[in-house]
Amino acid sequence: MKRRFAWVLGFVMACAPAVAVGQHRGHSTGATTPNEPPVDEDLTKFAHAVELQASPRQVLHFGQFTQSTGAARKKAQAIVNHATADVLHGADPLIDLLDDLQWEGTRFFASFTQMQKSGLKPVTKKLGKTNDEIKRQAKALQGARAAANEGEILAVSAKLDETLAKFEGQQKALAREMGISDDESGE
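Below, the structure is looked at part by part. (Residues numbered from 1 in each chain as written. Predicted model: local features only at pLDDT ≥ 70, side-chain atom pairs only at ≥ 80, totals over all residues. Heavy atoms only, no water.)

Concerning the pattern of salt bridges
The condition that has to hold: The salt bridge definition used is simple: a Lys or Arg side-chain nitrogen within 4 Å of an Asp or Glu carboxyl oxygen. Runs of E in the DSSP output that reach at least two residues are strands. Runs of H or I that reach at least four are helices, and both are numbered from the N terminus. Residue exposure (1.4 Å probe, protein chains only): buried if accessible area is under 20% of the type maximum, exposed if over 50%, otherwise partly exposed.
Scanning the entire structure with this criterion turns up five salt bridges. A salt bridge links Arg 73 to Glu 168; the shortest N-O distance between them is 3.0 Å. A residue pair is termed long-range when its members are at least 10 positions apart, and Arg 73 in helix H3 (residues 56-80) and Glu 168 in helix H7 (residues 150-178) qualify at 95 residues. The exposure class assigned to Arg 73 is partly exposed, which follows from its relative accessible area of 22%. For Arg 145, the salt bridge is made with Asp 92, and the minimal N-O distance between the two is 2.9 Å. Within this pair, whereas Arg 145 is found in helix H6 (residues 121-146), its partner Asp 92 is found in helix H4 (residues 87-110), the two being separated by 53 residues in sequence. Residue Arg 145 is classed as partly exposed on the basis of its relative accessible area, which comes to 21%. The partly exposed category is assigned to Asp 92, whose relative accessible area is 29%. Put simply, Arg 73, Asp 161 and Glu 168 are held in one network by salt bridges that share partners.

Printed below as a string of structure tokens:
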């Protein structure tokens with residue numbers, strides 16, 4: 001009896017490091033036990049969704065982020081439609097709103113967990129590219145304002161309106177991924 005126990009123990013000890021190494025690296029050893037339940041794909045998807053879920057504070061910040069985007073877009077549209085009596089002075093509030101948008105976005109994205117950064121990377125990468133375009137256009141708007149070039153202010157405001165519309169769509173996609181409803185995001 002002792003000999004059989006020693007043999008089994010020796011076999012287990014010989015196999016244990018190989019199993020541990022395979023599991024340590026995240027690889028399956030291929031062996032399953034009859035008691036091990038099958039992996040439920042729906043449960044895996046649910047767990048992933050929970051990891052990406054926005055916290056209450058993130059929901060608040062996201063609402064402020066989308067409101068800043070909407071306000072900047074409305075101001076750009078007002079300039080394009082000549083709703084402001086003075087195009088030159090109408091550019092100043094738009095520049096301020098674009099600064100607010102950048103600050104709100106920075107605050108929102110700084111609150112991401114590592115899991116959110118990883119899991120939301122495709123959506124946030126698109127937002128980042130569009131945000132870079134908004135920054136370039138904001139710089140062009142500042143230059144046009146400094147040069148008192150009404151025609152350039154109108155042209156840049158029209159581009160900003162298009163870019164901000166695209167940005168709003170990307171924000172909605174991010175909200176869906178994070179489980180943020182339209183009611184919560186302030187839309």
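From this point, things continue past the structure.
Some details on a nonpolar patch on the surface
Short version of the rule: Patch membership is restricted to residues that have no salt bridge and whose relative accessible area is over 30%. Joining uses 9 Å for like charges and 5 Å for the nonpolar side chains Val, Leu, Ile, Met, Phe, Trp and Tyr. Here the accessible surface of atoms and residues is derived via Shrake-Rupley with a 1.4 Å probe, and residues count as covered only by protein chains that are part of the display.
Residues Leu 43, Phe 46 and Val 50 make up a contiguous nonpolar surface patch of roughly 320 Å² in combined accessible area. Within the secondary structure, Val 50 sits in helix H2 (residues 41-52).

Some remarks on the environment of Gln 142
Looking at where Gln 142 falls in the secondary structure, it is placed in helix H6. With 48 residues separating them in the primary sequence, Gln 142 and Leu 94 have C-alpha atoms 9.7 Å apart.

Some details on the packing of H3 against H4
Operational definition: Axis definition: a line fitted to C-alpha atoms, limited for helices to the stretch in contact. Angles are taken between N-to-C directions and run from 0 to 180 degrees. These descriptions rest on fixed angle ranges, namely under 35 degrees for roughly parallel, over 145 for roughly antiparallel, 65 to 115 for roughly perpendicular, and the rest for oblique. Each crossing gets its hand from how the near helix is turned against the far one by less than a right angle, where anticlockwise is left-handed and clockwise is right-handed. Under the convention adopted here, Pro, Cys and the residues Ala, Val, Leu, Ile, Met, Phe, Trp and Tyr are nonpolar, Asp, Glu, Lys and Arg are charged, and Gly plus all remaining residues are polar.
Close contact between H3 and H4 brings their axes to 9 Å; oriented N to C, the two are set at 160 degrees. When the axis of H3 is compared with that of H4, the two are roughly antiparallel. In the packing of H3 onto H4, the handedness of the crossing is left-handed. Partitioned by chemical class, the residues of the contact of H3 with H4 number 15 nonpolar, seven polar and four charged.

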